[in-house]
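# Geometric and topological summary
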Amino acid sequence: VQLVESGGGLVQPGGSLRLSCAASGFTFSSYDMSWYRQAPGKEREVVADILSAFGITNYAESVKGRFTISRDNVKNTVYLQMNSLKPEDTAVYYCHAKRRNYEYWGQGTQVTVSS
């Protein structure tokens, strides 16, 4: 099983980034997918998730209206489009897959928002 994130980097406040998470080794379409983030000195928190059923999405209040999660069940990939980025969005972003008692994590990708 692998979850490989990409797309992180350094961006100025107000800018945009698109994170990708390529999945392999499990039935991607059957799993709920999430993006989490962890800032230095803080606990890991869920940013957004997209359910396997009907593609229902949920967002943390802090990112609503700025971030969009989506998935492509043909490419086995989940995305996080991040717009209007703020310095407080700086964190390591992790991809997460869950189905019943099974869950997997990616290795994380750093997002830094700074001028």
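Description of the structure in this document. Given the structure is predicted, the values throughout are model-derived calculations rather than measurements.

Rules and cut-offs
Residues numbered from 1 in each chain as written. Predicted model: local features only at pLDDT ≥ 70, side-chain atom pairs only at ≥ 80, totals over all residues. Heavy atoms only, no water. Phe/Tyr/Trp six-rings, centres within 6.5 Å; stacked < 30°, edge-to-face > 60°. Helix = DSSP H or I, 4+ residues; strand = E, 2+ residues; numbered from the N terminus. Buried < 20%, exposed > 50% of the residue type's maximum accessible area, 1.4 Å probe, protein only. Lys NZ or Arg CZ within 6 Å of the ring centre and 35° of its normal.

All chains considered together, the criterion is met by five aromatic pairs. Here Tyr-94 and Trp-105 contribute two aromatic rings whose centre-to-centre distance is 6.5 Å and whose plane-to-plane angle is 85 degrees, an arrangement assigned as edge-to-face. On the criterion of sequence distance, the pair formed by Tyr-94 in strand β9 (residues 91–99) and Trp-105 in strand β10 (residues 102–105) is long-range, its members being 11 residues apart. For Tyr-94, a relative accessible area of 13% corresponds to the buried category. Grouping aromatic residues by their ring pairs yields a cluster made of Phe-26, Tyr-31 and Tyr-104. The residue whose ring lies beneath Arg-44 is Tyr-94, and the NZ or CZ to ring-centre distance is 3.7 Å.

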